[in-house]
Every structure is written in C-alpha cells, then in structure tokens.
Amino acid sequence: MVSALSVGNTILKRGQAEDINITPLKLQKLIYIVYKEYYKRTDRALFPERFEAWKYGPVIQSMYDTFKIYGVNAITEMGASPDGYVYTVKQNSSNVFTYVLDDVWSKYKRYSGIELSEMTQQPGGAWYKAVTTKSELLKDEDIKEEKSFL
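In this report, the structure presented in the accompanying data block is examined. Here the structure is a predicted model, which is why all the values come from computation and not from measurement.

**So, the pattern of salt bridges**
Argument step 1. Summed over the entire model, instances satisfying the criterion amount to 8 salt bridges.
Argument step 2. Between Lys129 and Asp142 there is a salt bridge; the shortest N-O distance is 3.7 Å. Of this pair, Lys129 sits in helix 6 (residues 126–132) while Asp142 is found in helix 7 (residues 140–145), placing the two residues 13 residues apart along the sequence.
Argument step 3. A residue is classified by how much of its surface remains accessible, and Lys129, at 28% relative accessible area, is partly exposed.
Argument step 4. Residue classification places Asp142 among the buried positions, given a relative accessible area of 16%.

**Focus: helix 1 (residues 4–18)**
Argument step 1. In this model, helix 1 (15 residues) spans 21 Å end to end at C-alpha, consistent with the 21 Å of a helix rising 1.5 Å per residue.
Argument step 2. Of all 15 residues that make up helix 1, 11 are buried, and the element is covered over most of its length.
Argument step 3. Among the residues making up helix 1, those that are buried are Ala4, Leu5, Ser6, Val7, Gly8, Asn9, Thr10, Ile11, Leu12, Arg14 and Gly15.
Argument step 4. Looking at the buried side of helix 1, the elements it contacts are helix 2 (24–42), helix 3 (61–67) and helix 4 (95–108).
Argument step 5. Asp19 occupies a position one or two residues after helix 1 and carries a positive phi of about 55 degrees.

Reading the values: the criteria
Residue numbers restart at each chain and count upward from 1, following the sequence in its written direction. Note on the predicted model: pLDDT of at least 70 is required for a residue's local features to be given, and 80 or more for side-chain atom pairs to be given and counted; whole-chain, interface and lining totals, by contrast, use all residues. Each side-chain value is derived from all of the structure's non-hydrogen atoms; neither hydrogens nor water enter the calculation. The term salt bridge refers to a side-chain nitrogen of Lys or Arg lying within 4 Å of a carboxyl oxygen of Asp or Glu. Each helix is a run of H or I in the DSSP string that is no shorter than four residues. Each strand is a run of E no shorter than two, and both are numbered from the N terminus. The rule is simple: take the accessible area with a 1.4 Å probe, protein chains only, and divide by the maximum for that residue type; under 20% is buried, over 50% is exposed, in between is partly exposed. Working rule for helices: expected span equals 1.5 Å times residues minus one. Residue contacts are counted whenever heavy atoms from the two residues lie within 4.5 Å of one another.

Set out below in structure tokens:
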C-alpha cells in the first residue's frame, strides 16, 4: 500500500512535466478522485489515510499540513515524508494504479481547485453524506458508490 503523500507527489511530478500548476486545493481533489476511481476498480483502499469532510470538500489532513505553506499558490516542490525522503508511486508497480492515474490526470488536469472542489461536493456524494450526517470522516462505501464527475 502506498501513502497519500506518494500519490500526491506522483501527481505533482506529472504537473511539473506538463507545466501544469497544482495548488494545494487542486492536489487534494485530484488525490480524492484517484482514490475513488482506484477503490471502484479494486474494492481496496489505495492508502490508509482517511478523507475528512472539510468546507471545500474531502481533505487528507497530512497532505494539508505538508502543503499549507503554499496557500492558494502553485506547489513548487514535492513533499518530503517524515524520514526526509520524497516518495512517488512506481508506475510499473500496479497496472490498475497506472491506468487510474492516467485516466484521472487526462480528464481533470485542466480544472482548477475550485472547480474540482465543487465536483466533490455534489448532493448524494460521499462528502455531502458526511456533512449531512455530521461525520468528520468520509466513508469508503460512500466514496465507492459515488458517481464519476465527468
């Protein structure tokens, strides 16, 4: 199993390679969409961290803490793990992950963080259900059942 940070760094690497700016908000939502699509295809969580229901949609607290210094600006450096190393997901480690990442990236890379945030807050979705029931965490079952945004 990988970490949310390694998935985030893999997305940031793609953004850097294609000169696409990624803000902390956009990164959170892209990680969420990758997690959701991976879960739908495998019936397994991609990483152990749980999504919290925040004002602007699903958030991984550790990712917020790592990249909050950028505020609304584009992230310029990948995040280091507690051991000081920068990890990414090896693309050849999982055909499913690679397929999901390629698919999500091609569909959502041009959307802003705000646009992606609005997508993740649709009525009936996992974030909406968590907020409605006053739950701090999104349920994986609700994430899995959520419809694709595009």
